[in-house]
Amino acid sequence: MSKLVTIFGGSGFVGRYIARRMAKEGWRVRVAVRHPNDALFVRPYGTVGQVEPMACNIRDDASVRGLLRGADAVVNCVGILNRSGRNTFDAVQAEGAGRIARIATEERVGTLVQVSAIGADAGSDSAYARTKGEGEAAVLAAFPTAVILRPSIVFGTEDGFFNRFAAMSRLGPILPVVGAETRFQPVYVDDVAAAAVKGILGQAAPGVYELGGPDVDTFRGLMRRMLLVIHRRRMVVNVPFFLARAMGFGFDMLQAVTLGLIENRMITRDQAKNLARDNVVAFGAKGFAELGITPTAMAAVLPEYLWRYRPSGQYAAIKDSAKNLKKS
């Protein structure tokens, strides 16, 4: 019988790419999600019955154990950018990660891959970075041979980074960003998935790997690259951190007083803290080189999915060709 991998958060941005790759490897794939009906799109990744979304609550031992029973490998891709109800940073990123690792050990699962983030630090003043760090510690305490992946900003067709700002650029002549001079090292989502597969198959030594693409740039620089791709001229304006924190406080309070009915999708106080720190691979850290993977440049991928934000959309290339014909 084919081997089985359970992917927590397997319908998310990174998780779906891992699920697709593991199906191609011939494995059966359990996609552990909160709402299986919203994850039915993963089924065609493999043959009939090979990839199945299944309900799971990572805050509950019995629920996690049910999805890990009989598995040969496990991947945890679950993470949040803002708390929602009982899904707090501590419950999801720290306790949830530790629970998965502990039960994986008890169920004798062979390999474990934890998808964390660059900047994970148990001593951070950011709840996101702190709980990512605490989650890593809990995973290694329960499953010492785990492979931990720390990607920088992840980009790809379904990303929430370039897509978000490309959409914002259609609203006016100014594109506001928080932390314009903060440096990032964007990494292609399928490269992260390839690294996870190495961990699942036992082709990566246990330990922490920081994953960044070949391009390092400031937030402002990334926005300028994106604007070139979508053929728009916009002024990239830095929002001072003191103002970003004030805005985050206001939006956080609005979410709190409405009991979550109005979710903060703008900026949180915690995100403002993280945007003040560079998000690049640390000097001397293990990364793609040790995994035998050549990371993909942004220029090779961004035009493939950002074209829809161009003023002429899919017809932009045709119009450019027509202009060249007129000149000749």
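Remember, it's a predicted structure, so these values are computed and weren't measured experimentally.

(A) Seen up close, the nonpolar core. Counting residues in hydrophobic clusters, the biggest one holds 69 residues, and the most contacted among them are Ile 18, Phe 162, Met 223, Met 226 and Leu 306. Here this core gets eight residues from one element, more than from any other, and that element is helix H6 (residues 189–200). Beyond its immediate sequence surroundings of up to four residues, Met 223 is in contact with Phe 161, Phe 162, Phe 165, Leu 175, Val 177 and Val 236. Among the nonpolar cores identified, the runner-up in size contains 27 residues, and Val 74, Val 78, Ile 100 and Val 139 belong to it.

(B) View of the pairing of strand E6 (residues 147–151). Extensive coverage of E6 is indicated by the burial of five of its five residues. Every second residue of E6 is oriented toward a common face, with Val 147, Leu 149 and Pro 151 on one face and Ile 148 and Arg 150 on the other, all of them buried. When strand E5 (residues 111–115) meets E6, the two strands line up parallel, connected through three bridges. For Gln 114, the partnering residue across the bridge sits in E6 and is Ile 148. In the classification by handedness, the crossover that spans E5, the intervening helix H4 (residues 127–142) and the parallel E6 is right-handed.

(C) Looking closely at the sheet that holds strand E1 (residues 4–8). What the seven strands build is an open sheet, ordered E3-E2-E1-E4-E5-E6-E11; its pairing is parallel. The open sheet is flanked by strand E3 (51–55) and strand E11 (207–211), the only strands paired with a single partner. The mean inter-strand angle of the sheet, taken between neighbouring strand axes irrespective of direction, is 20 degrees. Sheet analysis places E1 next to strand E2 (residues 28–33), joined by five bridges and oriented parallel. Within E2, the residue paired with Val 5 across the bridge is Val 29.

(D) Just the side chain of Arg 232, in detail. By the secondary structure assignment, Arg 232 is in the loop between helix H7 (219–229) and strand E13 (235–239). A polar contact is formed between the side chain of Arg 232 and the backbone oxygen of Tyr 309, at a distance of 2.7 Å. If we skip the residues at most four places from it in the chain, Arg 232 touches Ser 169, Arg 170, Leu 227, Tyr 309, Arg 310 and Pro 311.

(E) Region of interest: the environment of Leu 254. Along the chain, the position of Leu 254 falls in helix H8 (residues 241–257). Counting along the chain gives 10 residues from Leu 254 to Asn 264, while the straight-line C-alpha distance between them is 7.7 Å.

(F) Representation of the packing of helix H1 (residues 13–24) against H6 within the structure. It is the contact of H1 with H6, at a shortest axis distance of 8 Å, that shows an interaxial angle of 55 degrees. Considered as vectors, H1 and H6 are oriented oblique to each other. Judged by the twist between their axes, the crossing of H1 over H6 is right-handed. Residues Phe 13, Val 14, Tyr 17, Ile 18, Arg 21 and Met 22 of H1 pack against Val 189, Asp 190, Val 192, Ala 193, Ala 194, Ala 196, Val 197 and Ile 200 of H6. Across the contact of H1 with H6, the residue classes tally to 12 nonpolar, no polar and two charged.

About the criteria used
- Residues numbered from 1 in each chain as written.
- Predicted model: local features only at pLDDT ≥ 70, side-chain atom pairs only at ≥ 80, totals over all residues.
- Heavy atoms only, no water.
- Core = buried A, V, L, I, M, F, W, Y, C linked by side-chain atoms within 4.5 Å.
- Buried < 20%, exposed > 50% of the residue type's maximum accessible area, 1.4 Å probe, protein only.
- Helix = DSSP H or I, 4+ residues; strand = E, 2+ residues; numbered from the N terminus.
- Contact = heavy atoms within 4.5 Å.
- Pairing = 2+ DSSP bridges.
- Right-handed = clockwise from strand over helix to strand, strands pointing away.
- Axes fitted to C-alpha atoms, helices over the stretch in contact; angles between N-to-C directions.
- Polar contact = N/O pair within 3.5 Å; in protein donor to acceptor, adjacent residues only side chain to side chain.
- Parallel < 35°, antiparallel > 145°, perpendicular 65-115°, else oblique.
- Left-handed = near helix turned anticlockwise from the far one by under 90°.
- Nonpolar A, V, L, I, M, F, W, Y, C, P; charged D, E, K, R; others polar.

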